[in-house]
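Listed below, chain by chain, are the residues.
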Amino acid sequence: MAVNDWEKELSLGDKYLEQYNYKESLKHYKKASELNPNSDKPFFGMAEAARGIPKINVNEIIGYYKKAIELNQKEPLYYTSLGAFYIENNMINEAEHVYTEAAKIDEQNKHLYLSELAIEYYSTSIARLDDDSTQQELDEIKKKALNYFLRAIDLEPAKAQTLLQN
């Protein structure tokens, strides 16, 4: 493998992704993955590019993310990106799992990952509500998002209530 060819393909994938030319980006990331199948970067790029191509199956995109994670288990961005994708596709339990993994990998920034989970969950869930949604449905979304926020700041619900009453 010529390193220059791999870097060139990866760079072109990045360039086209920045330009929102997802099909061209995906093509170059795939070529980079063929040139260096042990690198996580092309697989993450493939996942990101594939998200912009509506005809690509959800499971294929998940597979790209999982391959990037398999090749580099220490990159929190891969986990949080997969988590956001899971939330977009209403796969909440899976999202919670990968955001929690990101928090374990990078303890120093776990509050960021878990608060991102809360925001992504809340925003996406609210956007799915329609005019026929009940207050109970809205309250359930708020409750779950609030629990994610409490985890982000290592605060038990009872302690949060105490703090809010003072």
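All values derive from a computational prediction rather than experimental measurement. (Residues numbered from 1 in each chain as written. Predicted model: local features only at pLDDT ≥ 70, side-chain atom pairs only at ≥ 80, totals over all residues. Heavy atoms only, no water.)

1. Quick word on the pattern of salt bridges
Going through the model one piece at a time under the given rule, you end up with seven salt bridges. In this structure, the salt-bridge partner of Lys-67 is Glu-70, at a minimum N-O distance of 3.3 Å. Linking Lys-67 with Glu-70, this pair stays in helix 4 (residues 58-71), spanning three residues, or about one helical turn. Residue classification places Lys-67 among the partly exposed positions, given a relative accessible area of 28%. With a closest N to O distance of 3.0 Å, Glu-96 and Arg-151 form a salt bridge. Residue Glu-96 is found in helix 6 (residues 92-105), and its partner Arg-151 is found in helix 8 (residues 135-152); the two are separated by 55 residues along the sequence. For Glu-96, a relative accessible area of 25% corresponds to the partly exposed category. A single network of salt bridges, built from pairs that share partners, joins Glu-48, Arg-51 and Glu-88. (Salt bridge = Lys/Arg side-chain N within 4 Å of Asp/Glu carboxyl O. Helix = DSSP H or I, 4+ residues; strand = E, 2+ residues; numbered from the N terminus. Buried < 20%, exposed > 50% of the residue type's maximum accessible area, 1.4 Å probe, protein only.)

2. Brief notes about the packing of aromatic side chains
Under the criterion given, the structure shown has five aromatic pairs. Ring centres of Tyr-20 and Tyr-22 lie 6.2 Å apart, and the angle between their planes is 70°; this geometry places the pair in the edge-to-face category. The class for Tyr-22 is partly exposed, based on a relative accessible area of 23%. Their ring planes at 45° and their centres at 6.2 Å tell us that Tyr-65 and Phe-85 sit as a pair that is tilted. With a gap of 20 residues between them, Tyr-65 in helix 4 and Phe-85 in helix 5 (residues 76-88) connect regions that are remote in the sequence. Of the residues examined, Tyr-65 reaches a relative accessible area of 0% and is grouped as buried. Residue class for Phe-85 comes out buried when judged on its relative accessible area of 4%. (Phe/Tyr/Trp six-rings, centres within 6.5 Å; stacked < 30°, edge-to-face > 60°.)

3. Re the packing of helix 7 (residues 110-128) against helix 8
At a minimum axis separation of 7 Å, helix 7 and helix 8 run at an interaxial angle of 170°. By the angle between their directions, the pair helix 7 and helix 8 is classed as roughly antiparallel. Contacts from Lys-110, His-111, Leu-114, Ser-115, Leu-117, Ala-118, Ile-119, Tyr-121, Tyr-122, Ser-125 and Ile-126 of helix 7 reach helix 8 at Leu-138, Glu-140, Ile-141, Lys-142, Lys-144, Ala-145, Tyr-148, Phe-149, Arg-151 and Ala-152. Grouping the amino acids of the contact of helix 7 with helix 8 by side-chain chemistry returns 13 nonpolar, three polar and five charged. (Axes fitted to C-alpha atoms, helices over the stretch in contact; angles between N-to-C directions. Parallel < 35°, antiparallel > 145°, perpendicular 65-115°, else oblique. Contact = heavy atoms within 4.5 Å. Nonpolar A, V, L, I, M, F, W, Y, C, P; charged D, E, K, R; others polar.)

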